[in-house]
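Here are the chains, one letter per residue:
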Amino acid sequence: MTEKFRENRRPLLSVIVPVYNGAAWLRETLESIRNSRYENLELLLIDDGSADGSGEICREYERKDPRVRYIRKENGGIVSARNLGLDAAGGTYLCFCDQDDEVDEQMYDILIRRMEEAEAQIGVCSTGRRINGEKSRYESVTDGCFHGEAVLEAVLYPILFRGYEFSFYKREHYLYGTLWKCVFRRDFLKAHGMRFRSFVDYEDDWLFVTEALCHAGTVVTAGRIGYYWTVNETSRSHKRRFIPDLGERFGRQDAYVMGYLERRISDRGILDSYRKIRMCEHYVEALQNEPDSGPEKRAYRRKVRTYLESSRYREQMSCLRHLGKHAYRRRLVCDALQSTGIGGASLVSRLLNAGEAAAVRIRWLAQLERRGKIGRKMRDSRRNTDEIDYSDSVL
């Protein structure tokens, strides 16, 4: 333990919570943050033009806790709210929390302690998922401290290649591009001009996390669960809308992403594998994006066909031999695309949409799905070490 922690002189942590019509869940989330063992924090509530009672709840907490600061803005979306939080934050460290989730009381304490000791720019913890009050593991990392190229192998590549099986990264780490699991040094983000951006309408945190990891020299990880994501069907992240220019948006997004990946990753083979995987992800999303009306659907299918053919999709799909068996949607849609073409793949995608919407409401199906994915990671890792703790207990 370092001297600064013996003396309880802990740096300020800014916790940024974008708020939008979250009155039904906001109190529970704010209480979980306020109950953190890491007490030297400021809680920034960025109200993105809520029309329910969220603003009143924020003002109530601002009155009763001097650590809380309430900022209201005109509705502009999650990207603008997060960027305003970046600008307003005054802490040495900062992190983000969604308005309907739960933070474990030790998450910030452990991550910042480890970051201070290692002089790390980013701290990452495992996360859980909460469905109807039932908790299960969602993302997994092991305890560790990684420098230089090891940051790529341990944290970045598991995000970029999630669901695929390659030998060049730590396969016992199972990570999405979620923002909640991370604590960042604010001066590190400022030095690299980090901002939230969105090219489609849902990938801003994935972009932020992967770009930050490309800049980071040292990253620490905590294996136990420190954050619980609440599956909430009414949240904006669960409301998909038809995007007519999706292919063009993909092109702009890929140009931006490849810019920072190429500056950080020197292995051309890894970059080529990622490009192919990303294109296959685009194919699945393009088919999932179908409109409802008949004439519009036919026009969109023609557009998707042109997009697929222009990208030489059969060449890109050679990466599917590395796809893990638990990546159900990607496997089924891409297999249908190869064997039956766009029409068959569209039908498979629609059936999967209906099945997934039903499954998320059934607790045991959702838990079974996660156990299948995480269980495979556990078996893989145990071939290499007997010391990894994958218990579902919190930090």
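Below is a summary of the structure that appears in this document. Nothing here was measured: the structure is a model prediction, and the numbers come from that model.

Analysis parameters
- Residues numbered from 1 in each chain as written.
- Predicted model: local features only at pLDDT ≥ 70, side-chain atom pairs only at ≥ 80, totals over all residues.
- Heavy atoms only, no water.
- Core = buried A, V, L, I, M, F, W, Y, C linked by side-chain atoms within 4.5 Å.
- Buried < 20%, exposed > 50% of the residue type's maximum accessible area, 1.4 Å probe, protein only.
- Helix = DSSP H or I, 4+ residues; strand = E, 2+ residues; numbered from the N terminus.
- Contact = heavy atoms within 4.5 Å.
- Axes fitted to C-alpha atoms, helices over the stretch in contact; angles between N-to-C directions.
- Parallel < 35°, antiparallel > 145°, perpendicular 65-115°, else oblique.
- Left-handed = near helix turned anticlockwise from the far one by under 90°.
- Nonpolar A, V, L, I, M, F, W, Y, C, P; charged D, E, K, R; others polar.
- Phe/Tyr/Trp six-rings, centres within 6.5 Å; stacked < 30°, edge-to-face > 60°.
- Lys NZ or Arg CZ within 6 Å of the ring centre and 35° of its normal.
- Pairing = 2+ DSSP bridges.

## Overview of the nonpolar core
In step 1: With 79 residues, the main nonpolar core has Ile-122 and Leu-261 as its most contacted residues.
In step 2: Sort the elements by how many residues they give to this core and helix H10 (residues 268-288) lands first, with 10 residues.
In step 3: Setting aside residues no more than four positions away along its own chain, Ile-122 makes contact with Met-115, Cys-182, Val-183, Phe-184, Phe-188, Ala-212, Leu-213, Ala-216, Thr-218, Val-219 and Val-220.
In step 4: Core analysis: the second largest hydrophobic core is formed by 39 residues, Val-68, Tyr-70, Ile-110 and Tyr-174 among them.

## A word on the packing of helix H2 (residues 26-34) against helix H3 (residues 54-64)
In step 1: Where H2 meets H3, the closest approach of the two axes is 11 Å, and the angle between their N-to-C directions is 25°. As the angle between them shows, H2 and H3 are arranged roughly parallel. Note on packing geometry: the crossing formed by H2 with H3 is right-handed. Contacts between H2 and H3 pair Leu-26, Arg-27, Leu-30, Glu-31 and Arg-34 from the former with Ser-54, Ile-57, Cys-58, Glu-60, Tyr-61 and Lys-64 from the latter.
In step 2: Tallied by class, residues from the contact of H2 with H3 come to five nonpolar, one polar and five charged.

## A closer look at the packing of aromatic side chains
One pair of aromatic rings is described through two measures. These are the centre distance and the angle between the planes.
In step 1: Under the definition given, this model contains 23 aromatic pairs.
In step 2: When the centroid spacing of 6.2 Å and the interplanar angle of 80° are considered together, the rings of Phe-161 and Tyr-274 count as edge-to-face. With Phe-161 in the loop between helix H6 (149-160) and strand E9 (182-185) and Tyr-274 in helix H10, the pair connects residues that are 113 residues apart, well separated along the chain. Considered together, Phe-161 and Tyr-274 belong to a single accessibility category, that of buried residues.
In step 3: Taking the ring centre of Tyr-61 as reference, the NZ or CZ of Lys-64 above it sits at 4.1 Å.
In step 4: Looking at Arg-278, its charged tip hangs above the ring of Trp-206, at a distance of 4.7 Å from the centre.

## Concerning the pairing of E9
In step 1: Bridge analysis of strand E4 (residues 93-96) against E9 gives three bridges, and the strand direction is antiparallel. Opposite Tyr-93, over in E9, you have Arg-185 as the bridge partner.

## A look at the environment of Gly-324
In step 1: Relative to the assigned elements, Gly-324 resides in the loop between helix H12 (313-316) and helix H13 (328-359).
In step 2: For Gly-324, a relative accessible area of 1% gives the class buried.
In step 3: Those residues in contact with Gly-324 that sit more than four places away from it in its chain are Gly-163, Tyr-164 and Glu-165.

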